[in-house]
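The residues making up each chain are set out below.
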Amino acid sequence: MSRTSHDSEAVGTVEGTVVPLLVTALVGLVGLVGAWYAFVSYPESLSELLGVLMVTVVTLVALWLGSRLGGSFVTPYNVAEVAVEGPIARESKSGVPGSPIGLSADDVVEQIEQADADPNVDALLVKLNTPGGEIVPSADIRLAAESFDGPTVGYATDVCASGGYDIAVGCDEFWAREGTLVGSIGVIGSRVNAHDLAERLGLSYEGFTAGDYKDAGAPLKELDPREREYLQGLVDDYYDQFVDTVAEGRDLDRDAVEDTEARVFLGTDALERDLVDELGTREDVEDALAERLDESVVVREFEPVRSLRDRVQIGAERATYAFGSGLASAFDGDADAAGLRFRR
């Protein structure tokens, strides 16, 4: 991209920031004056405290409306950015304070679909910083990226492993940094084995099932050899699917994919193995997109639309240790009673 285009983008960014702020401030001021007249100055019978409260409420509402109105004056964009960060799951999950919250795959898919339907969007940038997660939700995001009508570029920052790499395979191009951890093309199935603990506590397991393998992997009983073979077979089948997806998406031989042995590689090594197309910074990615689109790039980050309740809940999850949720998550999955989990 030329220096001139960079300068024009900078000007556009300033305009796109200042104009919405001015609109927001103006609408907020109008709301403040109107609320003061309606609730404090004119009705003398109202108490001063009630008047102040009402002014505050109306001003906040006016500011919210102003911010929504100001958004319509934002500088035009032509590239949508969707972020895939943290562990990938069907629904967001809680963790310890400061730890990443599980990503809602359905939210990411919805963002990609919104970007695809937006007439302003010519290309999709998928920002990846994830260790992976649940298998089908990861595949759903990859399929959404594959279905996007336009160029799609995946860009990994710190780590793009397992389910994250599955998503990267669905992009037309995949960029990483030299120090990005890339790969982990493998599958893990896990279960909690609480059989010995149950015996010490005087507990025993009694299962009422229909079907020989319905409770295979149940944590309160030992696995017999047939169940172990059955569950390992599921892991192997998931692994074969993953290898096929990577081999097809990256145009690699299956042997080359299997040769990675589910290891992670630095970006430089991943490039040598053709697991990555290019290495570079975020600016390099945007420059390459500008050449591909033959025009300056202006990126808009697409985010899920959350209700106030959802935002409060997410804030609480980040500030609290969700012990019950963390404990219960060790026993989820179908293998219903089993608590067996498969992850990429």
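Computed from a predicted model, the values in this text were never measured in an experiment. Throughout, a residue's number is its position along its own chain's written sequence, starting from 1. Since the coordinates come from a predicted model, pLDDT governs what is reported: local features require at least 70, and pairs of side-chain atoms require 80 or more to be given and counted, while whole-chain, interface and lining totals use all residues. Only heavy atoms go into the side-chain values, all of them from the structure, while hydrogens and water stay out.

Can you tell me about the overall build of the protein, naming the residues and giving the values?
In DSSP terms, a helix is any run of H or I states spanning at least four residues, a strand is any run of E spanning at least two, and both are numbered starting from the N terminus. If you tally the helices and strands in the protein, you get 12 helices and 12 strands. Relative to its full complement of 344 residues, the protein shows a buried share of 40%. Considering only residue pairs separated by 6 or more positions, the protein has 72% of its internal contacts joining residues 24 or more positions apart. Every accessible area reported is derived by Shrake-Rupley at a probe size of 1.4 Å, with residue values counting cover from the shown protein chains alone. When the accessible surface of the protein is summed, it comes to about 19200 Å², and 55% of that surface belongs to carbon and sulfur atoms. Exposure is judged per residue with a 1.4 Å probe applied to protein chains only, and the accessible area is read against the type maximum: over 50% gives exposed, under 20% gives buried, and values in between give partly exposed. Residues are treated as being in contact if the distance between any of their heavy atoms lies within 4.5 Å.

Requested: an account of unusual backbone geometry, with residues and values cited.
Although it is not a glycine, D251 adopts a positive phi angle of roughly 55°. Examined against the element boundaries, D251 turns out to sit in the loop between α7 (225–250) and α8 (254–258). The exposure class of D251 is exposed, given its relative accessible area of 71%. Despite not being glycine, D294 shows a phi value in the positive range, around 60°. Mapped onto the secondary structure, D294 falls in the loop between α10 (282–293) and β11 (299–301).

So, a negative patch on the surface: which residues are in play, and what are the values?
Side chains of E110, E113, D116 and D149 sit close together on the surface and give a patch of like negative charge. As for its position among the elements, E110 is in helix α3 (residues 105–117). Taking the relative accessible area as the measure of exposure, E110 reaches 39% and is therefore partly exposed. Nonpolar side chains (Val, Leu, Ile, Met, Phe, Trp, Tyr) within 5 Å and like charges within 9 Å form the patches, drawn only from residues with over 30% relative accessible area and no salt bridge. Here a salt bridge means any side-chain nitrogen of Lys or Arg lying within 4 Å of a carboxyl oxygen belonging to Asp or Glu. By the counting rule applied here, Lys and Arg register as positive and Asp and Glu as negative, while His and the ends of each chain are not counted. Charged side chains are reduced to one point each, which is NZ for Lys, CZ for Arg, CG for Asp and CD for Glu.

Help me get a handle on the environment of T281, residues and values and all.
Looking at where T281 falls in the secondary structure, it is placed in the loop between β10 (278–279) and α10. Sequence spacing of T281 and E178 is 103 residues, and the spatial spacing of their C-alpha atoms is 9.3 Å. Excluding its chain neighbours within four sequence positions, the residues that come into contact with T281 are Y155 and R177.

Could you give an account of the pattern of salt bridges, with specific residues and numbers?
Scanning all chains against the criterion turns up 15 salt bridges. R90 serves as the salt-bridge partner of D106, at 2.8 Å between the closest nitrogen and oxygen. Of the two residues, D106 sits in helix α3 while R90 sits in the loop between β2 (88–89) and β3 (103–104), which places them 16 residues apart along the sequence. Its relative accessible area of 38% is what places D106 among the partly exposed residues.

Any details on the packing of aromatic side chains? Residues and values, ideally.
Working definition: rings of Phe, Tyr and Trp (its six-membered ring) pair if their centres are within 6.5 Å, and the pair is stacked with planes under 30 degrees apart, edge-to-face with planes over 60 apart, and tilted otherwise. Enumeration over the complete set of coordinates arrives at 2 aromatic pairs. Taken together, a centroid distance of 5.9 Å and an interplanar angle of 70° make the contact between Y165 and F174 edge-to-face. For the pair Y165 and F174, one class covers both residues: buried. Above the ring of F302, the side-chain terminus of R300 is found at 4.5 Å from the ring centroid. Whether a charge sits over a ring depends on NZ of Lys or CZ of Arg being within 6 Å of the ring centre and within 35 degrees of the ring normal.

Describe the state of the cysteines, listing the residues and the values that go with them.
Throughout, a disulfide means two cysteine sulfur atoms within 2.5 Å of one another. Counted by the stated rule, this structure contains 0 disulfides. With no disulfide partner, C160 has as its closest neighbouring cysteine sulfur the one in C171, 8.7 Å distant. Since its relative accessible area comes to 0%, C160 is described here as buried. For C171, a relative accessible area of 7% corresponds to the buried category.

How would you sum up the confidence of the model for the protein? Please name residues and give values.
Note: predicted coordinates in regions of low pLDDT should not be interpreted at a detailed level. pLDDT is a per-residue confidence score from the predictor, ranging from 0 to 100. Mean pLDDT for the protein: 77, with 66% of residues reaching 70 or above. Low pLDDT, under 50, characterises residues 317–338; the predicted model gives this stretch 37 contacts beyond four residues in sequence or across chains.

Tell me what's going on with the packing of α3 against helix α4 (residues 135–147), and back it up with residues and numbers.
Only C-alpha atoms enter the line fits that serve as axes; for helices the fit covers just the stretch in contact. Angles between N-to-C directions range over 0 to 180 degrees. As a packed pair, α3 and α4 sit with axes 9 Å apart at the nearest point and diverge in direction by 5°. When the axis of α3 is compared with that of α4, the two are roughly parallel. Contact residues: A105, V108, V109, I112 and D116 in α3; P137, D140, I141, A144, A145 and S147 in α4. Partitioning the contact of α3 with α4 into residue classes produces 8 nonpolar, 1 polar and 2 charged. Reported orientations rely on four angle classes, namely roughly parallel under 35 degrees, roughly antiparallel over 145, roughly perpendicular from 65 to 115, and oblique for the rest. Think of it as three bins: nonpolar holds Ala, Val, Leu, Ile, Met, Phe, Trp, Tyr, Cys and Pro, charged holds Asp, Glu, Lys and Arg, and polar takes everything else, Gly as well.

Would you mind going over the side chain of N78 in detail, with residue names and values included?
Inspection of the secondary structure assignment puts N78 in the loop between α2 (48–70) and β1 (79–85). A residue is classified by how much of its surface remains accessible, and N78, at 8% relative accessible area, is buried. Any N or O atom pair separated by 3.5 Å or less is treated as a polar contact, with the protein-specific requirement of one donor-capable and one acceptor-capable atom, and with residues adjacent in sequence counted only for side-chain atom pairs. From its side chain, N78 meets the backbone nitrogen of V298 in a polar contact 2.9 Å long. Residue contacts for N78: discarding those within four places in its chain leaves N120, V121, D122, A123, L293, E295, S296, V297 and V298.

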